[in-house]
Every structure is written in structure tokens, then in C-alpha cells.
Amino acid sequence: MNITKTDLAWAVEQGYLSAEQAEQLWQAWTEHQGLLAMEGEREHSDSPPLRFDFANVAFYFGALIVIVAMVFLGTIVWDALGGFGLFTVAVVYAVGLILVGQWLYFQQKLPIPGGLLITIAVWMTPLAIYGLQQGFGLISLEDPSVYRNLPTWLISGRFPLAMGTIIASLLALRFIHFPFLTFPLAFCLWFLSIDIPPLFTERQSVSPPEPT
């Protein structure tokens, strides 16, 4: 409901308010409307503009290339660093990406490149966890076709990678409103939906049995 000074003058004439009370009420109402407008502008600025133009397409395409490159490097090249070396590199990359992403998102008001950098940082989570698994000598992911028993699967293999990435995605979404952060979250949930059922059907392998 919109209140004008004319409404308050009518209330004073009718004896519902004194002139002093009407003035105080008008000042409080004006300040309140100003605060609401500021909050609305801030919420609008927190949401990245959705524009299908060359710059945005280039940003997203570049982020996908970086994510794929990191995954291939982590599985092919970075194994030479050892488990804890891979963990250290992944954490250093993630921290750097988060710092630069926050600076772009909040300070420079560039939500799309900033949000994409933070999304790439979230994708460093499975590399860091994989490095810890290798460093502590847990079951590796060398044979992804093998489904082991449930307790073993919960402490090693692919479950920690997926859950760690899901948690990292949710934490990032808690601080910035960037839709692309749901990509690693959705991917890991889809991965778990495929990986979990064989554990409860006691299948030991998805590969066909060897001929006798």
C-alpha cells in the first residue's frame, strides 16, 4: 500500500494523528522505503545477468575447457607428483581461483567470470580427495568397473569424490548465487545414482564374465 502526505494530512484533519506524529510517520516511512529499494538493488546485483552473447558464451566455453583439462591432467600427468603432491597442487589452485573469483564477483561486479572461477575451484575438490586417497594408500580408482562391498566403497573409491564435490558446491552456493555451480552438484548426484544400485544388488562387477 502506498501512503502519501495527503493521506497523512487527512488523518490529521480527522484527529487520528497530530501534526507532529504525521511528520514523524512520514519520515520513518520514507526511510523504510529507501532501505527496501537498496536491498532490492543489492539482491538484483548478486544475480548474474543471463545474456546469450559472444562474451558470455566464450566465458562458459573457456571454463569447460579448463575443467576438462584439469581432470585429464589430474589423471594422466599429476600422478607423477604422488598423492600428497596432487592434493597440494589442487588445493593451491582452488585457493587461488576462489580469491580471484571473489574479487571479480564482489569487488569488480563481474559475476560471470568470477562465478566461473569459483566453479572451477569446486571442481578441484575431487582431485584433492583423489590425492589424499593415493597418499594414504586407500583403494584406488584404477578399475572403475569393480563394485566392492558397501563399507569399503564408503571410505574409498568414488563415493568420497562425489560427496566432497557435492559439499563444496553447496558451500559455494551458500555464498554466491551463481547457477552454474549446480553443474558439479548435479553431475555428482547423477554419478551416485548410477553407482549406488549395484552395491545393494551385490554385483561385484559390471564387466561380462570371462569365458571358461
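Rules and cut-offs
- Residues numbered from 1 in each chain as written.
- Predicted model: local features only at pLDDT ≥ 70, side-chain atom pairs only at ≥ 80, totals over all residues.
- Heavy atoms only, no water.
- Helix = DSSP H or I, 4+ residues; strand = E, 2+ residues; numbered from the N terminus.
- Expected span 1.5 Å × (residues − 1).
- Buried < 20%, exposed > 50% of the residue type's maximum accessible area, 1.4 Å probe, protein only.
- Arc of directions from axis to C-beta.
- Contact = heavy atoms within 4.5 Å.
- Core = buried A, V, L, I, M, F, W, Y, C linked by side-chain atoms within 4.5 Å.
- Phe/Tyr/Trp six-rings, centres within 6.5 Å; stacked < 30°, edge-to-face > 60°.
- Lys NZ or Arg CZ within 6 Å of the ring centre and 35° of its normal.
- Axes fitted to C-alpha atoms, helices over the stretch in contact; angles between N-to-C directions.
- Parallel < 35°, antiparallel > 145°, perpendicular 65-115°, else oblique.
- Left-handed = near helix turned anticlockwise from the far one by under 90°.
- Nonpolar A, V, L, I, M, F, W, Y, C, P; charged D, E, K, R; others polar.

## Details of helix α8 (residues 182-195)
Taking 1.5 Å of rise per residue, the 14 residues of α8 would be expected to cover 20 Å, and the 20 Å separating its terminal C-alpha atoms lies within 8% of that figure. Looking only at α8, the buried set comprises Pro184, Leu185, Cys188, Leu192 and Asp195. Seen end-on, α8 carries its buried residues on one side only, within an arc spanning 100°.

## Looking at the environment of alanine 168
Mapped onto the elements, alanine 168 comes out in helix α7 (residues 158-175). Residues contacting alanine 168, with those up to four places away along its chain left out, are Val122 and Thr125.

## A look at the nonpolar core
Leu116, Ile120, Met124, Ile176, Phe178 and Leu181 are the most contacted members of the largest nonpolar core, which totals 23 residues. Mapped by element, the contributors of at least two residues to this core are α3 (54-77), α4 (83-107), α5 (111-135) and α7. Looking at this core element by element, the count peaks at ten residues for α5. What methionine 124 contacts, discounting residues up to four positions off in sequence, is Met70, Ala90, Tyr93, Ala94 and Leu97.

## Details of the packing of aromatic side chains
Across all of its chains, the model carries nine aromatic pairs by this definition. Their ring planes at 45° and their centres at 5.7 Å tell us that phenylalanine 187 and tryptophan 190 sit as a pair that is tilted. With phenylalanine 187 and tryptophan 190 both in helix α8, this residue pair falls three residues apart, about one helical turn. Residue phenylalanine 187 is classed as partly exposed on the basis of its relative accessible area of 37%. Given a relative accessible area of 47%, tryptophan 190 falls into the partly exposed group. Through a chain of ring-to-ring contacts, three or more aromatic side chains come together here, namely Tyr60, Trp123, Phe178, Phe180, Phe183, Phe187, Trp190 and Phe191. Sitting over the face of the ring of phenylalanine 175, arginine 174 holds its NZ or CZ atom 5.9 Å from the ring centroid.

## Section: the side chain of threonine 125
Mapped onto the elements, threonine 125 comes out in helix α5. Taking the relative accessible area as the measure of exposure, threonine 125 reaches 18% and is therefore buried. Apart from residues lying up to four places away in sequence, threonine 125 is in contact with Gly164, Thr165 and Ala168.

## Digging into the environment of tryptophan 103
Within the secondary structure, tryptophan 103 sits in helix α4. Put simply, tryptophan 103 and glycine 114 are eleven residues apart on the chain and 7.3 Å apart in space, counted from C-alpha to C-alpha.

## Re the packing of α4 against α5
In the contact formed by α4 and α5, the axes pass within 7 Å of each other and the chain directions differ by 165°. Put simply, α4 runs roughly antiparallel to α5. Relative to α5, the crossing made by α4 is left-handed. Each residue belonging to the contact of α4 with α5 can be placed in one class, and the counts come to 23 nonpolar, eight polar and no charged.

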